[in-house]
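# Observations on the three-dimensional arrangement
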There are 2 protein chains.
Amino acid sequence: MVYFDNAATTMKKPETVIQAVVNAMQTMGNSSRGTHESSMNASRMIFEVRMKLDQFFHGYGADHVVFTCNSTEALNIAIRGAIPEHAHVISTDLEHNSVLRPLYELRDHAGVHLDFVKADTAGNIDYDAFEMLIRPDTKAIVCTHASNLTGLVLDLERIGAIAKKYQLIFIVDASQSAGVIPINMKKMNIDLLCFTGHKGLMGPQGTGGLCISDRVDVRPWKVGGTGVQSYLETQPEELPVRLEAGTLNGHGIAGLSAAIDYIEEIGIDVIHEKEQMLMKRFYDGIKDLPGVTVYGDQEKEKTAIIALNVGGEDSGKISDILSYEYGISTRPGAHCAPRMHQALGTVSQGAVRFSFSYFNTAQEVDEAVKAMEEICSKRFV
Amino acid sequence: MVYFDNAATTMKKPETVIQAVVNAMQTMGNSSRGTHESSMNASRMIFEVRMKLDQFFHGYGADHVVFTCNSTEALNIAIRGAIPEHAHVISTDLEHNSVLRPLYELRDHAGVHLDFVKADTAGNIDYDAFEMLIRPDTKAIVCTHASNLTGLVLDLERIGAIAKKYQLIFIVDASQSAGVIPINMKKMNIDLLCFTGHKGLMGPQGTGGLCISDRVDVRPWKVGGTGVQSYLETQPEELPVRLEAGTLNGHGIAGLSAAIDYIEEIGIDVIHEKEQMLMKRFYDGIKDLPGVTVYGDQEKEKTAIIALNVGGEDSGKISDILSYEYGISTRPGAHCAPRMHQALGTVSQGAVRFSFSYFNTAQEVDEAVKAMEEICSKRFV
């Protein structure tokens, strides 16, 4: 089976990640709940991972790294916890529902006003639009680092500079970029960096988090047991415990730790280069096939994604053929990115998304190209 | 190392649970995000686990089983999503902060009024107090199945009957009982059963959930990508997707599946019996030691927990001695159960909690008894 759905989750994990989870499941206590060896070791390990992530993202300190179960939870915490009622917020057409739905909820229940920087039919945005949309009551910019549909990478330094100029909270969805593209919170002026562990970071499902700058306050989200300050009737004030409640996924975090080590050891640039090579190899192989439309601007910086359609065929049908006749996994449909499909004109058809990881091979790409050749020729001869 | 902190987390997991997680990490796609083999298999597996949990708890159907990252998240969803503003709610002194803090938040921000059924110095409650506290605006009862400090098991059928009589929403925290004591949502008239995967269920950290009856509506909590209905601006109405957003912890859920199989295979009564035997063996060994105070009524039905103090010694000090001099893990302090400690009179001292699992042995208990004998004799000779 050829797995090209890495934008959904990286199915193949480094062996060290799996081993770290196994070790944790054999020895780990409940961190912050006890002073015995297994609990202390759990606490120590978890603190070390906070440090690693803080260094990885050039953040504001280990205690400003909050663990969540996925980036959706991180985005809910960030968007609902940092944006004040009645604020005006700027976002983009590239966003995933994990950004859109929390924003729509604020619009519907907290008097928040929204504007979206438009994507054109090539999936590109105009950076000047951010500044043009700013009003006196604008309080935040919320955007993805990279589209999960076209792969387009946004220039976060440029957007962060605008946020800084107007003193806006800058919230970033790094679901598609963490572990693939270097992120520097400080250079990019990011206030709330939301990431997931199980995609580009190559960690286990059930992990993710939020890195917070020292410029923003985030209201507590989940409240409950924190292992310390039990007699407080509210969540303690200090980070990270302010935004974490209940037992953490220590087993998953142990795996995430090994995943970051793996990426650091191989080198994020090496990983990125290979993924880009695979993507370009695939693109070159299919771009001139009869009936193929590829979405997004291939000249811009992008993650290793190719989204396409074959003639007027429903994307689900093409994806099913790839899966059942050729054993190639892709993702069709709407990709939880409704505004992007609206911008591209692919609402009814959806699109077939191929997304490549460091563990894919040139041979697998060639297989996929061959499969596409057969599919396209059968329909357009 | 002897591990007696199973009420915090069951450190030792069945081998099949670990193996299931390993298998998942090698093969699992992202469920509900794609129609290719690894995604379909993930979706299928996750649906099967919903069915297993539904059967395990005698619930209202697989689609009424919602996955969360821990019971704290489940309790936040239940308490904040089902209880209306300005309601009167009855809870108890036995509760953990994962129940108390969400309730206090509703009190402070949603006009909710709270009353707590008192625990006496033996940690017992008076069941008549529930009915005496009911008022015209009472909308819910929220209580634990078993105290995480004394182990006292509450008679949920009895409380559920009261909830049914007055048509109250009945929310239960099963963190300490799931996998240890049989739970029947229908017989017990439970509307929202909140459980965690990593304690008595012997599953991985990062798993848990919420079983919902067909009598109650729960407002969405986390909003975001659901893999279906991408063009809806809100979470879809139907369960379970209404209350789940983003990628589930499929790896953890695979482990939870194996854990339930394990419990069903061994038999929950067999597990319960062994834990009770271990607890009683320990209790008999230490109850008459000089200076020992054991908390809670040992004549009542309880989970396998013994909470004690040695003279006036700080519980942390005794727990540290047990850990560092004898390699025995326990949990001192407040246990996130402030009202219970207030009821027992142990606020400043805390208590040393020993909690036993199916994987502990009589030999380990005897070691702990011997350690306690030495500790007590050194202080009271």
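First, a word on what this report is: a plain description of the structure on this page. Because the structure is a prediction, the values reported are computed rather than measured.

### Let's talk about the pairing of strand E4 (residues 113-117) of chain B
Residue and element names in this part refer to chain B.
- Bridge count between strand E3 (residues 88-92) and E4: five bridges; the pairing is parallel. When the sheet's bridge partners are listed, Val89 is paired in E4 with Leu114.
- Read from E3 through helix H4 (residues 97-109) to E4, the crossover connection turns out right-handed.

### What about the nonpolar core?
- Among the nonpolar cores identified, the biggest contains 62 residues, and Ile83 of chain A together with Ile83 of chain B are the most heavily contacted of them.
- Excluding its chain neighbours within four sequence positions, the residues that come into contact with Ile83 of chain B are Ala78, Val89, Leu103, Leu106, Val112, Ala140, Val142, Ile171 and Arg219 of chain B.

### Here's the deal with the relation of the copies chain A and chain B
- If you rotate chain A by 180° and push it 0.0 Å along the axis, it lands on chain B with an RMSD of 0.0 Å. Here the two chains are linked by the operation of a two-fold rotation axis.
- Both copies contact each other with a shared surface, as 100% of the interface residues of chain A are interface residues in chain B too.

### Some words on the sheet that holds strand E5 (residues 138-144) of chain A
Residue and element names in this part refer to chain A.
- What the seven strands build is an open sheet, ordered E2-E8-E7-E6-E5-E3-E4; its pairing is mixed. Each having just a single partner strand, strand E2 (65-68) and strand E4 (113-117) make up the two edges of the open sheet. On average, each strand axis in the sheet is tilted by 20° relative to the strand beside it, whichever way the strands run.
- Along the sheet, helix H6 (residues 156-165) contacts E5 and strand E6 (169-173); its crossing angle with E5, the most-contacted strand, is approximately 170°.

### Concerning the interface of chain A and chain B
- Taken together, the contact between chain A and chain B spans 82 residues of the former and 82 residues of the latter.
- Counting every contact that joins chain A to chain B gives two salt bridges.
- In this structure, Arg107 of chain B engages Glu233 of chain A in a salt bridge whose closest nitrogen and oxygen atoms are separated by 2.6 Å.
- At the junction of chain A and chain B, the tally comes to 36 residue pairs in polar contact (both at pLDDT 80 or more).
- No other element matches helix H1 (residues 15-27) of chain A, which puts eight residues into the side of chain A that touches chain B.
- Each residue belonging to the side of chain A that touches chain B can be placed in one class, and the counts come to 29 nonpolar, 39 polar and 14 charged.

### With respect to the pairing of strand E7 (residues 192-196) of chain B
Residues and elements named next belong to chain B.
- Taking burial as the measure, the five residues of E7 include five buried ones, the bulk of the element.
- Examined bridge by bridge, E7 and strand E8 (residues 208-212) share five bridges and lie antiparallel to one another. Among the inter-strand pairings, Cys194 is bridged to a residue of E8, identified as Leu210.

### With respect to the sheet that holds strand E9 (residues 292-295) of chain B
All names here are of chain B.
- With respect to topology, three strands assemble into an open sheet ordered E9-E10-E12, the strand pairing being antiparallel. Either end of the sheet is taken by a strand with one partner, and the two such strands are E9 and strand E12 (352-355). Here the average twist between neighbouring strands, direction ignored, is 30°.
- By the bridge criterion, four bridges tie E9 to strand E10 (residues 305-310) in an arrangement that is antiparallel. Bridge pairing in E10 links Val292 to Val310.
- In this fold helix H9 (residues 315-326) packs onto E10 and E12, with an angle of close to 45° to the strand it touches most, E12.

### Notes on the packing of helix H2 (residues 37-57) of chain B against helix H7 (residues 250-266) of chain B
Residues and elements named next belong to chain B.
- The N-to-C vectors of H2 and H7 enclose an angle of 40°; their axes lie 10 Å apart at closest approach. When the axes of H2 and H7 are compared, the pair comes out oblique. H2 and H7 meet at a crossing whose hand is left-handed. Two secondary-structure elements touch here, H2 through Met45, Ile46, Val49, Lys52, Leu53 and Phe56 and H7 through Gly250, Ile253, Ala254, Leu256, Ser257, Ile260, Asp261, Ile263 and Glu264.
- Broken down by class, the residue content of the contact of H2 with H7 amounts to ten nonpolar, two polar and three charged.

### Concerning the packing of aromatic side chains
- In total, this model carries 21 aromatic pairs over all chains according to the counting rule given.
- Between Lys186 of chain A and the ring centre of Tyr60 of chain A, over which it is positioned, the NZ or CZ distance is 5.0 Å.

### Here's the deal with the environment of Phe195 of chain B
Residue and element names in this part refer to chain B.
- Position of Phe195 relative to the elements: it lies in strand E7.
- A residue is classified by how much of its surface remains accessible, and Phe195, at 0% relative accessible area, is buried.
- Sequence separation between Phe195 and Lys370 is 175 residues; the distance between their C-alpha atoms is 35 Å.
- Non-local contacts of Phe195, meaning those with residues more than four positions away in its chain, are made with Leu53, Phe57, Asn70, Ser71, Ala174, Ala178, Leu201, Gly208, Gly209, Leu210 and Cys211.

### Points about the pattern of salt bridges
- With the rule as written, the count across this model stands at 34 salt bridges over all chains.
- One salt bridge in this structure joins Glu105 of chain B and Arg80 of chain B, with 3.1 Å as the shortest N-O distance. Note that Glu105 of chain B is positioned in helix H4 and Arg80 of chain B in helix H3 (residues 71-82), a separation of 25 residues in sequence.
- For the salt bridge of Glu131 of chain B with Lys165 of chain B, the shortest nitrogen-to-oxygen distance reads 2.5 Å. Of this pair, Glu131 of chain B sits in helix H5 (residues 128-133) while Lys165 of chain B sits in helix H6 (residues 156-165), placing them 34 residues apart in sequence.
- Take Glu131 of chain B: its relative accessible area is 30%, and that puts it in the partly exposed class.
- Taken together, the shared-partner salt bridges in this structure form one network comprising Arg107 and Asp108 of chain A together with Glu233 of chain B.

### Quick word on the side chain of Thr150 of chain B
Residues and elements named next belong to chain B.
- Following the sequence through the fold, Thr150 ends up in the loop between strand E5 (138-144) and H6.
- Looking at Thr150, its side chain comes within polar contact range of the main-chain nitrogen of Leu152, at 3.2 Å.
- With residues near it in sequence (within four places) discarded, Thr150 still touches Tyr295, Gly296, Lys302, Ile305, Met340 and Leu344.

### Some thoughts on the state of the cysteines
- Counted under the stated rule, the structure contains zero disulfides over all chains.
- Cys69 of chain A forms no disulfide, and the closest cysteine sulfur to it belongs to Cys69 of chain B, at a distance of 5.0 Å.
- Judged by its relative accessible area of 10%, Cys69 of chain A falls in the buried class.
- Cysteine Cys336 of chain A remains unbridged, with the sulfur of Cys69 of chain A as its closest cysteine sulfur at 15 Å.
- Under the relative-accessibility criterion, Cys336 of chain A is labelled buried at 2%.

### Some points on unusual backbone geometry
- Cis geometry marks the peptide bond from Leu239 of chain A to Pro240 of chain A, where omega comes out at 0°.
- Inspection of the secondary structure puts Pro240 of chain A in the loop between strand E8 (208-212) and helix H7 (250-266).
- Unusually for a residue other than glycine, Met202 of chain A sits at a positive phi of about 60°.
- With respect to the helices and strands, Met202 of chain A occurs in the loop between strand E7 (192-196) and E8.
- Using a relative accessible area of 3% as the deciding quantity, one classes Met202 of chain A as buried.
- One non-glycine residue with positive phi stands out, namely His58 of chain B, at about 55°.
- Tracing the backbone through its elements, the reader meets His58 of chain B in the loop between H2 and strand E2 (65-68).

### Thoughts on the environment of Asp191 of chain A
Residue and element names in this part refer to chain A.
- Tracing the chain through its elements places Asp191 in the loop between E6 and E7.
- Sequence separation between Asp191 and Met372 is 181 residues, and the spatial gap between their C-alpha atoms is 43 Å.
- Dropping the residues within four chain positions of it, Asp191 is found in contact with Leu168, Ile169, Phe170, Met185, Cys211, Ile212, Ser213, Arg215 and Val216.
- Within the local environment of Asp191, its side chain forms a polar contact with the side chain of Ser213, the two groups lying 2.7 Å apart.

Cut-offs and rules
- Residues numbered from 1 in each chain as written.
- Chains lettered and ligands numbered in written order.
- Predicted model: local features only at pLDDT ≥ 70, side-chain atom pairs only at ≥ 80, totals over all residues.
- Heavy atoms only, no water.
- Pairing = 2+ DSSP bridges.
- Helix = DSSP H or I, 4+ residues; strand = E, 2+ residues; numbered from the N terminus.
- Right-handed = clockwise from strand over helix to strand, strands pointing away.
- Core = buried A, V, L, I, M, F, W, Y, C linked by side-chain atoms within 4.5 Å.
- Buried < 20%, exposed > 50% of the residue type's maximum accessible area, 1.4 Å probe, protein only.
- Contact = heavy atoms within 4.5 Å.
- Least-squares fit on C-alpha atoms with pLDDT ≥ 70 in both.
- Axes fitted to C-alpha atoms, helices over the stretch in contact; angles between N-to-C directions.
- Salt bridge = Lys/Arg side-chain N within 4 Å of Asp/Glu carboxyl O.
- Polar contact = N/O pair within 3.5 Å; in protein donor to acceptor, adjacent residues only side chain to side chain.
- Nonpolar A, V, L, I, M, F, W, Y, C, P; charged D, E, K, R; others polar.
- Parallel < 35°, antiparallel > 145°, perpendicular 65-115°, else oblique.
- Left-handed = near helix turned anticlockwise from the far one by under 90°.
- Phe/Tyr/Trp six-rings, centres within 6.5 Å; stacked < 30°, edge-to-face > 60°.
- Lys NZ or Arg CZ within 6 Å of the ring centre and 35° of its normal.
- Disulfide = S-S within 2.5 Å.

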